[in-house]
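# Remarks on the overall topology
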Amino acid sequence: GKDDSTLKRVLDELTSGLNSNDFKTVFLTILVARQSPILPFSLGNYFVGTATTASLFPILLATAVGVLPLDILYVGAGAGGSVVLEKMQEGGALAEGVQAAGVLATLA
C-alpha cells in the first residue's frame, strides 16, 4: 500500500545517505537518526550496522554528538532529583510537598 511505499522511500533515502562517500552526508544522516523520536536507538544501531558501507569515524562522531542533548537532560534531572532528596532529608515544606505529591500520584 501507500504506507509501504513511503516507508521504503524513507529507508532508501537513509540508506543512500549512509552509503555516501561524503563525510558530511554520513555524519548528518546518523545525527538525524540519533535525534529522531521515531527511530528507537537500538533499531538505529541495527540499521546502521547492516545498511552502511561508511567508515566508522563519522558514525561514531555523529552518535557521540547526537546523544549529547538527552544525556545532558538525564544528568540534569538526576542532579535535580538528588537536590530534592537532600532537601527532603532535612525536612521542611519541600519534604511535605513532595510527600503530598507522592500520595496524590499514588491515589490517581
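All values derive from a computational prediction rather than experimental measurement. (Residues numbered from 1 in each chain as written. Predicted model: local features only at pLDDT ≥ 70, side-chain atom pairs only at ≥ 80, totals over all residues. Heavy atoms only, no water.)

### Observations concerning the packing of aromatic side chains
For the coordinates displayed, the defined rule picks out two aromatic pairs. Their ring planes at 10 degrees and their centres at 6.3 Å tell us that Phe 23 and Phe 27 sit as a pair that is stacked. With Phe 23 and Phe 27 both in helix 2 (residues 23–35) and four residues apart, the pair spans about one turn of that helix. Judged by its relative accessible area of 40%, Phe 23 falls in the partly exposed class. Judged by its relative accessible area of 16%, Phe 27 falls in the buried class. Linked through ring pairs, Phe 23, Phe 27 and Phe 57 together constitute an aromatic cluster. (Phe/Tyr/Trp six-rings, centres within 6.5 Å; stacked < 30°, edge-to-face > 60°. Helix = DSSP H or I, 4+ residues; strand = E, 2+ residues; numbered from the N terminus. Buried < 20%, exposed > 50% of the residue type's maximum accessible area, 1.4 Å probe, protein only.)

### Structural notes on a nonpolar patch on the surface
Taken together, the side chains of Phe 23, Phe 57, Leu 61 and Val 65 make up a nonpolar region of the molecular surface, amounting to roughly 350 Å² of accessible area. No other element matches the three residues that helix 4 (residues 56–90) contributes to the nonpolar patch. Relative to the helices and strands, Val 65 is located in helix 4. According to the relative accessible area criterion, Val 65 is partly exposed, its value standing at 35%. (Patch = residues over 30% accessible without salt bridge, like charges linked within 9 Å, V, L, I, M, F, W, Y side chains within 5 Å. Areas by Shrake-Rupley, 256 points an atom, 1.4 Å probe, with all protein chains shown as cover. Salt bridge = Lys/Arg side-chain N within 4 Å of Asp/Glu carboxyl O.)

### Concerning empty space enclosed by the protein
Within this structure, the stated rule accounts for one cavity of 30 Å³ or more. Its boundaries defined by the atoms lining it, the largest cavity holds a volume of some 40 Å³. In terms of lining, the largest cavity is formed by Leu 14, Leu 18, Thr 29, Ile 30, Ala 33, Leu 39, Gly 44, Phe 47 and Val 48. Elements with a minimum of two residues in the lining of the largest cavity: helix 1 (2–18), helix 2 and helix 3 (41–51). When its residues are assigned to classes, the lining of the largest cavity shows seven nonpolar, two polar and no charged. (1 Å grid on protein atoms, 1.4 Å probe; cavity = no way out; pocket = protein on both sides within 12 Å on 5 of 7 lines; lining within 4 Å. Points joined across faces, edges and corners; volume = space filled by probe spheres on them. Nonpolar A, V, L, I, M, F, W, Y, C, P; charged D, E, K, R; others polar.)

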